[in-house]
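Residues per chain, in single letters:
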Amino acid sequence: MSVFVKKLVEKASLKKHAGFSDNLKPEDLHPYLVFHYGIPSGSILLAYDSIQQILAISTKDGQIKLFGKDGSQALLESSETIPSKFLLFIENQGILLNVNVKNHIEVWDLDRKFLSAIHHFEKEITSFAAIHTGPYMYIGDSGGDVSVLRLHQDQCRIELMKYRIPFSASHGKINEVGIDIAAKVVLPQPTAETKRVLIIYSDGVITLWSIEESKVICTNSSGTALQSTYQEAKKVTSACWACPDGTKVAVGYSNGDIFLWNIPCPSESKTEQNFQVTPIYKLNLGYKADKIPIAKLKWADADGKSSRLYVLGCSDSHSANMLQVVLLNEQTETRTIKLGLHLSESLIDMEITTSSIGQDKHRRDSLILLGRSSNVFTYDDSSIERYLVQCQTKSSPSLPKGETINLPYGDSTITVTKFITNTPCTPFSSDEEFNMVEKYGLPLFPFEKRLVKDGSNSNSTAFVPFSKAANLFITGHSSGAINFWDASRPLLLPLASITQQSENDISISGVPLTALFFSYESNTLVSGDQSGTVRIYTLKSEAFAPQTSFLSFQGSTKKGSNHVVRKIKAVKVNGSVLSINATENLKHLAVGSDKGYVSLIDPEGPNILYQKHFASELCTGIISMHFETCSFHGFEKNVVIVATKDSSISALDKDTGNSLSSAVVRPNKPSTALFTRILDGNDISINSDNSAQKQTSLLLCSEKAVYVYSLSHLVQGVKKVVHKKKFTSSCYWASTFGSPDIGLILLFSSGKIEIRSLPELSLVKESSIRLLTFSTFRPSDIIVSSSNDGELIIVNADKELLFVSTLLHNEAYRLLETVSQVVNRDLIGDQGLICSPSTKEKKKGIFSSVMKDNKSIKSRNGLDFENEDSRLSVEELSAIFSAVNFPIDRETSEKSTRNEDDVDLDIDDIDIEDPKEKQGVGYSAMAGLNRLNISNKFQAIKGKIKNAKVKNDKVPVTDEPHEEKTGAVDQIKKKYGYATSGESGVANTAKTKLSENLKKLQGINMKTTEMQDTARSFSSMAKEVLRFAEKEKGT
C-alpha cells in the first residue's frame, strides 16, 4: 500500500510546464552552441574574400569565424583541435581552404557551412597559393619542391596533379644549398598566372618558372645579385607583389631586411633570352636594428602615386615599430615616407578589407590587425593613405586613429546580466523583422555602419518597442549604465538605456554594477553597484505596451531615462553588492555584500530594516538569499536562507534577523559556492502512517560538488544531505531550468556541459562546446545568464557572445539562417562553384563570369589579373598539370602503386556475417557465419588474383633501355624529362608512361603472391570457425 501511495503522490506532485515533460529524458536534451557573435578567443590567422567581402579568422583550436556583409556571422569547427598555418579563400566561390599544422588541407563549403573534403599532404607545407582563374593551387614544401593540387568541388575532393616543380630543376644552386631549402613563398604572376609562377626559397633564391615549358625563366641565383644581398646569414620570412603587373616583389628576411626585387617579364618571343632577377633597393625601417624578422608584407595599389607597403614585424615582446606603412613610388629610393602604428600589444596578422557605405555604395578600405591576445584593431585605410601623401609636402598631418573591436552592446564593459525568455509580446512580421535588423542592429566593425537616406547613422538613432521582444536581455555595465536588449534573434536590438543615477542626483557616477534583479510582472528593476548603492527603478507600464513608439537611444540624461523610468529610489549598504532577491509581493528586498552583510530593505522607503553580518575565515561574500516559509519546532516560520562564498548555509528569522541556530551547515571540504536554489517539494517522504509529505530542499552547487540538503533540518542547523555528486573537473557555473525546477545545468572549465535531474542529480545528458574551454577563456571574464527554459547567453569580456541551448526542439531565436548566411549567392557566377567545363562554350574557364562581373578587382587588391584572351583555359591547364613533366622517384611511385593495390584487393572488404543472422537474438557471434557467403567472397578474390597474374605473364618485364651516347645538351634535356634532338615529345612521354606501368606491374605481381598466401590462410581459418559454429549450434 505504501508503495502505491508513494507513486501516486509522486505523479500528482509533478506539474507539467510548457516545453518540458514530466521528467527529463536524454532524447529531449541537446546542449549545443546556437550562435557565436564577436571575435573568438585564441585567434591566430586572417583571410579575406574581396569580392564576397567575407573576413575569416582562424583559432588555435581548429575553429574558423566568418564575418560577412550586413552583420552576418558564422562559426566553422574542424574535427581536429589544432591551429591553422594557412587560410585561403577561393575568391567569390564560397570556398575556404584551411591548412592545419598536421598538413591537412580542409575544403570548407561556406554556403552550407560544411567541411566537404580533407586532403592529407605527405610533406611539410611551407607555402600555399591559388590561381584566381582556375581550380588549381600551388603547395611549396620543406624539401623545396612545389606541387599542384586541383579542387574538384562537385566531387568534394582534392587531386594531386602529376605536374610538379622539383627543387633540383628550379633552385639553380643545388651544390651550394644549406639545410633550409623550403619553398617559402609561391606567387602566381598576376598578369600571367596561368603561365608563370614565382618561387622564393628560404635561402633567398628567387625563381620565375614557366608552367608550359617547365623551366626556369629567370633567377637571382647566378652572378652577384644574390651575394650582394646576402652579406650575412638570413632567411626569407615573407614576400608579396609590389606592383600590379608582377614585375616587382618585396621580400622580408629573418634579420629585419626588406628588399625590392625586379622580376623581368619576358614576351612570348623572347623566352630564350638570359634574364636575371636583380635587387632594386633596400628599405631601412628599423627592424634590422632590433633583429625583428618580417612576419608579413602586404601591398596596396593607388595608381602608383600613393601605393603602400604594409610591414608587420614578428616579435614576442612589444615593439613601437611592430607595424609600419611605407609609401612606394618613384621617390621611395631617395626618401622613405613611412608611418608607424603604435598599438597596445604585439601583432600576429593583418588584412585589408573593403566595404560599401551608404546609398551611393561609397567604398571604404579598412586595415584589420590581429593582436597576440585575440584583440582586433581597425584603421580607416584612406586616413593612412592621406597621412602619407601629406607627409610628402612636409606638412604636419594628424595621425590616423584606430579602434579596438569590442562588443557593440554599450560604451563600457558588461559586468552583470539577466536573461528572460518567452515574454508576452506581439512579434514582428517577417518583413518588419528584416527591416528592424537592418536599421537598428548595431555593427561589430566600424566599417559595417550603414547610412539611411537622410545621411544619418542608422545604427544609433532609435530603439525597438518592448512589446516586440520575445526574449529580454538586460546588461549592467562598468559605467553604471543598464541596457535592455531584444534577444529574439542572435543579433541584439536596443530597447532602452538607463544611466546610473538617483532621485536627487542625475549625474553619472560611473561605478560598475555588480548585481541585478528584475520582475517583469511588476516592471521593477533593482541594481547594486561596487560602492554598495542599491537603486530601485519602477518602470513605466506603457513602455511595455504595444502602442509604444520608437524612442531616442540616448540615456545620457535624465530625460532619456524618463522614457522608461517612472521612479527611482536609492539606498546604501555596507560593501559591494553581490546578490539581490525579493519576496513574491516585492514588499521586502534582501541584499548581500562582499563584506558578509545581509540587509533587509523596505523598498517603499526605502529603509534598511536590519543588517546581519556573517563572519568567515575563508570567504565573507554573500552569494544568495532565499525567502521561505518552513516548519521550525512545530511552528510555521518565515525565514531567510543565506549562502556565503565558502559554501556555508545559515538561516535567519525574516522578521528579526536573528539566527535560528548557532550551527552552520557546510561541506566537509569547503569550496567556492556558485549557485543555490530552493527546490519546492521535489522529494517525497512517506510518514509512519503511510501518508505522503513533500520535502522542501536546498540545492547547493560549488566548484567541486553539488549537494541537496533537507531544508527542514537545515533551518535547525542540522546537516542532512539528501543527494550528493562530486565533480571530476572544476565547475565554474550552475543554474536550474524548468518551472518547477526539473534540471540542473553545469558548465565545466574543460568545455563540458552536464544536465542532471533534480533532486536525484542523475546525469541525463553530457555534451561539450569547444569555445567554452578555459584554454581560450579566463574565468574572471565570463558572465553567464540563463532563462527558465534552459537558454544561456555567455559573455566573454568585451569580445564575444555565445548563445547556447539545452533543449533539442526549443527554437528560441528567429532569423538564425539569415544572420549566419555569409555568402552572397547572387554574386557567384551562373556556372556555380568550381567544376570542369563540359562544353566548348565554357572554354574560357569557369571563373570567366566572376572576372566579367567584377572589373573593380584591381582597385581592391592592387593586382592586374591575366587578360582573358591571353590566359590558358581550364582545359589547357588541365592538360599541362595532368601530364608528368619530371620523372617521379622510384620510392614515391612504388608507394602510390601499393596504395592503389590495397584499395582493389583489400581482404577487409569481405563481409563474413550474414545480415539476416546478425539481427537474430540468442546466437553467439560465431553463429552468424554463412558458408555460401564466404565461398562467394573467396571466389571473387581468386578471380582478381588470377586476372592480375595473367596480366603479369603477358607483359614481360624488361630492363630499362640502354642510354645511347648523346651530346652534353641532349644529356641535360634527358635528365629533366625533355625530348632530345632525336626524339619527339610524344615518344618520350609514352616511354615514361611505359616505364611507370612496368613498375606498377612488378608491384602487382608481388601483391598477388602475397594475397594468395593470405587467402589460403584465411580460408583455413574460416573453415575452422564454421566447424566451431556448427558444433555450438548442435550442443
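Conventions we followed
Residues numbered from 1 in each chain as written. Predicted model: local features only at pLDDT ≥ 70, side-chain atom pairs only at ≥ 80, totals over all residues. Heavy atoms only, no water. Helix = DSSP H or I, 4+ residues; strand = E, 2+ residues; numbered from the N terminus. Buried < 20%, exposed > 50% of the residue type's maximum accessible area, 1.4 Å probe, protein only. Contact = heavy atoms within 4.5 Å. Areas by Shrake-Rupley, 256 points an atom, 1.4 Å probe, with all protein chains shown as cover. Salt bridge = Lys/Arg side-chain N within 4 Å of Asp/Glu carboxyl O. Polar contact = N/O pair within 3.5 Å; in protein donor to acceptor, adjacent residues only side chain to side chain. Pairing = 2+ DSSP bridges. Axes fitted to C-alpha atoms, helices over the stretch in contact; angles between N-to-C directions. Core = buried A, V, L, I, M, F, W, Y, C linked by side-chain atoms within 4.5 Å. Phe/Tyr/Trp six-rings, centres within 6.5 Å; stacked < 30°, edge-to-face > 60°. Expected span 1.5 Å × (residues − 1). Arc of directions from axis to C-beta. Patch = residues over 30% accessible without salt bridge, like charges linked within 9 Å, V, L, I, M, F, W, Y side chains within 5 Å. Lys, Arg positive; Asp, Glu negative; His and termini not counted. Charge placed at Lys NZ, Arg CZ, Asp CG, Glu CD.

(A) Region of the structure containing the overall build of the protein chain. Across its full length, the protein chain holds 16 helices and 56 strands. Evaluated residue by residue, the protein chain yields a buried proportion of 53% over its 1035 residues. Considering only residue pairs separated by 6 or more positions, the protein chain has 57% of its internal contacts joining residues 24 or more positions apart. Split by element, the accessible area of the protein chain, about 47400 Å² in all, is 49% carbon and sulfur.

(B) Fine view of the environment of Tyr 813. Locating Tyr 813 in the fold gives a position in the loop between β56 (800-807) and α8 (816-819). Looking at Tyr 813, the relative accessible area reads 8%, which means it is buried. Taking the C-alpha atoms as reference, Tyr 813 lies 4.6 Å from Arg 489; in sequence the two are 324 residues apart. Not counting the four nearest positions on each side in its chain, Tyr 813 is found in contact with Val 34, Phe 419, Asn 471, Ala 487, Ser 488, Arg 489, Pro 490, Glu 791, Leu 792, Ile 793 and Phe 803.

(C) Just the pattern of salt bridges, in detail. On inspection of all chains with the given rule, the structure shows 23 salt bridges. As a salt-bridge pair, Arg 112 and Asp 109 come within 2.9 Å of each other at their nearest N and O atoms. The salt bridge partner of Arg 814 is Glu 433, with a shortest N-O separation of 2.9 Å. Of the two residues, Arg 814 is situated in the loop between β56 and α8 and Glu 433 in helix α5 (residues 430-440); the sequence distance between them amounts to 381 residues. Overall, the relative accessible area of 25% leaves Arg 814 in the partly exposed class. Each of Lys 234, Asp 257, Lys 282 and Lys 288 takes part in salt bridges that share partners, so that together they form one network.

(D) View of the side chain of His 104. Its location among the elements puts His 104 in strand β8 (residues 104-109). Here His 120 takes part through its side chain, which lies 2.9 Å from a polar atom of the side chain of His 104. Ignoring anything within four residues of it in the chain, the contact list for His 104 reads Glu 80, Asn 98, Val 99, Ile 118, His 119 and His 120.

(E) Quick peek at the sheet that holds strand β22 (residues 278-283). Pairing is antiparallel in the open sheet, where 4 strands are placed in the order β18-β19-β20-β22. Each having just a single partner strand, β18 (236-241) and β22 make up the two edges of the open sheet. If you compare each strand with its neighbour and ignore which way they point, the axes differ by 25° on average. Sheet analysis places β18 next to strand β19 (residues 248-253), joined by 5 bridges and oriented antiparallel. Within β19, the position partnered with Ala 239 by the bridge is Val 251.

(F) Summary view of the nonpolar core. Counting residues in each nonpolar core, the largest one holds 36 residues, and the members touching the most others are Phe 445 and Leu 801. Ranked by residue count, the leading element in this core is strand β1 (residues 29-38), at 3 residues. When sequence neighbours within four positions are dropped, the list of residues in contact with Phe 445 reads Ile 39, Leu 55, Phe 67, Val 376 and Ile 405. In this structure, Tyr 440, Phe 466, Leu 472 and Leu 539 belong to the second largest nonpolar core, which totals 27 residues.

(G) Layout of the pairing of strand β13 (residues 157-165). Alignment of strand β12 (residues 146-152) against β13, held across 6 bridges, turns out to be antiparallel. Residue pairing across strands places Leu 149 opposite Leu 160, the latter belonging to β13. Hairpin connection of β12 to β13: 4 residues between the antiparallel strands, including Cys 156 at a positive phi of 55°.

(H) Local environment of the packing of aromatic side chains. Per the stated rule, a full pass over the model turns up 19 aromatic pairs. Seen in terms of ring centroids, Tyr 163 and Phe 881 are 5.1 Å apart; in terms of plane orientation they differ by 70°. Their pairing is edge-to-face. Of the two residues, Tyr 163 sits in strand β13 while Phe 881 sits in helix α11 (residues 874-882), which places them 718 residues apart along the sequence. Where Phe 466 meets Phe 484, the ring centres are 5.4 Å apart and the plane angle is 65°; that geometry is what we call edge-to-face. Of this pair, Phe 466 sits in the loop between α5 and β32 (472-477) while Phe 484 sits in strand β33 (residues 482-486), and the two are 18 residues apart along the sequence. An aromatic cluster is present here, built from Tyr 136, Tyr 138, Tyr 163 and Phe 881 joined pairwise through their rings.

(I) View of helix α4 (residues 381-392). In a regular helix each residue adds 1.5 Å, so 12 residues correspond to 16 Å; α4 covers 17 Å between its end C-alpha atoms and thus fits that length. Asp 381, Ser 383, Ile 384, Tyr 387, Leu 388 and Cys 391 are the residues of α4 that are buried. Buried residues in α4, looked at end-on, bunch into an arc of 165°, giving them a common side. Summarising the contacts, the buried residues of α4 are in contact with β24 (307-313), β25 (323-328), β26 (338-341), β28 (362-371) and β29 (376-380).

(J) Broad picture of unusual backbone geometry. Note the cis peptide between Gly 605 and Pro 606, where omega equals -5°. Mapped onto the fold, Pro 606 is located in the loop between β41 (597-602) and β42 (607-613). With an omega of 5°, the peptide bond between Ser 739 and Pro 740 qualifies as cis. Checked against the element boundaries, Pro 740 lands in the loop between β50 (731-737) and β51 (743-748). Positioned with a positive phi, Lys 113 is a non-glycine residue whose angle comes to about 55°. Unlike most non-glycine residues, Leu 761 shows phi in positive territory, near 65°. Mapped onto the elements of the fold, Leu 761 is located in the loop between β52 (752-757) and β53 (763-768). A residue is classified by how much of its surface remains accessible, and Leu 761, at 3% relative accessible area, is buried.

(K) Inspection of the sheet that holds strand β23 (residues 294-300) at higher detail. Strands sit in the order β23-β24-β25-β26 across an open sheet of 4 strands; the sheet is antiparallel. Edge strands, defined here as strands with exactly one partner in the open sheet, are β23 and β26. Taken over all neighbouring pairs, the strand axes of this sheet differ in orientation by 20° on average, direction set aside. Bridge count between β23 and β24: 6 bridges; the pairing is antiparallel. Residue pairing for β24: Lys 296 is matched across the bridge by Leu 312.

(L) Structural view of the environment of Leu 297. Mapped onto the fold, Leu 297 is located in strand β23. You can call Leu 297 buried: its relative accessible area is 5%. Spatially, the C-alpha atoms of Leu 297 and Leu 309 are 6.9 Å apart, while their sequence positions differ by 12 residues. With residues near it in sequence (within four places) discarded, Leu 297 still touches Ser 238, Ala 239, Cys 240, Ala 250, Val 251, Gly 252, Leu 309, Tyr 310, Val 311 and Met 350.

(M) Here's a closer look at a positive patch on the surface. Taken together, Lys 669, Lys 704, Lys 719, Lys 724 and Lys 726 make up a surface patch of like positive charges. Judged by relative accessible area, Lys 669 falls into the exposed class, the value being 68%.

(N) The pairing of strand β2 (residues 43-49), seen in detail. Across the 7 residues of β2, 6 count as buried, placing the element largely inside the fold. Strand direction decides the pairing type here: β2 and strand β3 (residues 54-59), joined by 6 bridges, are antiparallel. Counterpart to Asp 49 in the pairing with β3 is Ile 54. Where β2 folds back onto β3 in an antiparallel hairpin, the turn is made up of 4 residues, including Gln 53, whose phi is positive at roughly 60°.

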